[in-house]
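The chain contents come next:
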Amino acid sequence: MRLSIEHETRYDYRPAVEHAQHTAHLQPRVTALQRVLHFNLEVEPRPVQIHQGHDAFGNPQAWWSQDTSQETLRVLARSVVETAVPLNLRSAQTWEEVRESFRYRSGQRGDAQATFLFGSHHAPLDERFARYASACFPRGRPLQEAALALMQQMHRDFRYVSQSTSIHTPALEALSTRQGVCQDFAHILIACLRSLGLAARYVSGYLLTQVPEGQERLIGADASHAWASVYLPELSHSACAGWLDLDPTNDRWGWGGPGPDYVVLAWGRDFSDVSPLRGVLQGGQSHALNVGVSVKPDESHVAGLPT
């Protein structure tokens, strides 16, 4: 599937910002199921230079500074991505076996994915997360089966309520109220898995939404999306490196991604590692933020690329 994405962010500052440093995670990454055919980043006011590189998790990253006074910042990212269906894999490794595989053993090489075992700001370790997940993790159950059961339990138990939370809402609060948005559900699922001694990571990206019959697709009406992944070392040498993607918001899952209608932007320990746009400002005591995201099937021809 070929998808076209436009992600526009606009900040209006009062008073003006005198100096700013910005970092962006807006370029989709290349994965086993995804290749990037085109990417373009526009920033207004235009900085002298936009630097491109990768962060500690291998995600494409851009950063720039602005030294002139500005009352508005506009950032527009355009991408064309080709995606594929999830890999056909299955793991019988039990969740206890996976947990024990991370235990320190003198003289043996550790697993690099152990970095995703530990609590983070938005996905802390807590016994309450472990208790919520416990019914899905009886002794001897394969991790793949248990993780899917937990995802489906969350899909049943939690209500998606737009604007009911913010990125500052603690995951434990969302667990208690049983409502939130996709970021909350991803953080709760990650915290549950980590609290059981398993490695889990946060994935940011996009999802192609289906337009009701008879209605036109509205430009900017979509939103960025988030889900979780759990690591099964038994399949670490597969194309997806052992990561099983889980989307509790939509009850979707898959090896390497939940489906061809998903686009991966970046992954990390939680949202704070992969925020689409963040900055350090001098001035601009208050601001208004507007974000518009459009995801649609790509019907255009990208110059120099096959259709």
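Look above for the structure.
What counts and what doesn't
- Residues numbered from 1 in each chain as written.
- Predicted model: local features only at pLDDT ≥ 70, side-chain atom pairs only at ≥ 80, totals over all residues.
- Heavy atoms only, no water.
- Phe/Tyr/Trp six-rings, centres within 6.5 Å; stacked < 30°, edge-to-face > 60°.
- Helix = DSSP H or I, 4+ residues; strand = E, 2+ residues; numbered from the N terminus.
- Buried < 20%, exposed > 50% of the residue type's maximum accessible area, 1.4 Å probe, protein only.

Enquirer: Would you mind going over the packing of aromatic side chains with me for this structure?
Expert: By convention here, two paired aromatic rings are described through the distance between centres and the angle between planes. As enumerated under the stated definition, the model contains eleven aromatic pairs in all. Note on Tyr202 and Phe271: the rings are 6.4 Å apart at their centroids and 80° apart in plane angle, and the pair reads as edge-to-face. Linking Tyr202 in strand 8 (residues 200–207) with Phe271 in helix 6 (residues 271–274), this pair joins segments that are 69 residues apart in sequence. Ring geometry for Trp227 versus Tyr262: centroids 5.1 Å apart, planes at 85°, classification edge-to-face. Note that Trp227 is positioned in strand 9 (residues 224–231) and Tyr262 in strand 12 (residues 262–268), a separation of 35 residues in sequence.

Enquirer: When you look at unusual backbone geometry in this model, what are you seeing that I'm missing?
Expert: Residues other than glycine predominantly adopt negative phi, and peptide bonds predominantly adopt the trans conformation. Cis geometry marks the peptide bond from Arg14 to Pro15; its omega dihedral reads -10°. Here Pro15 shows up in strand 1 (residues 2–24). Here the phi dihedral of Gln163 falls at roughly 65°; this positive angle occurs in a residue that is not glycine. Of note, Gln163 is situated in the loop between strand 6 (159–160) and helix 4 (171–177). Residue classification places Gln163 among the exposed positions, given a relative accessible area of 74%. One non-glycine residue, Arg178, lies in positive phi territory at about 60°. By the element assignment, Arg178 lies in the loop between helix 4 and strand 7 (179–180).

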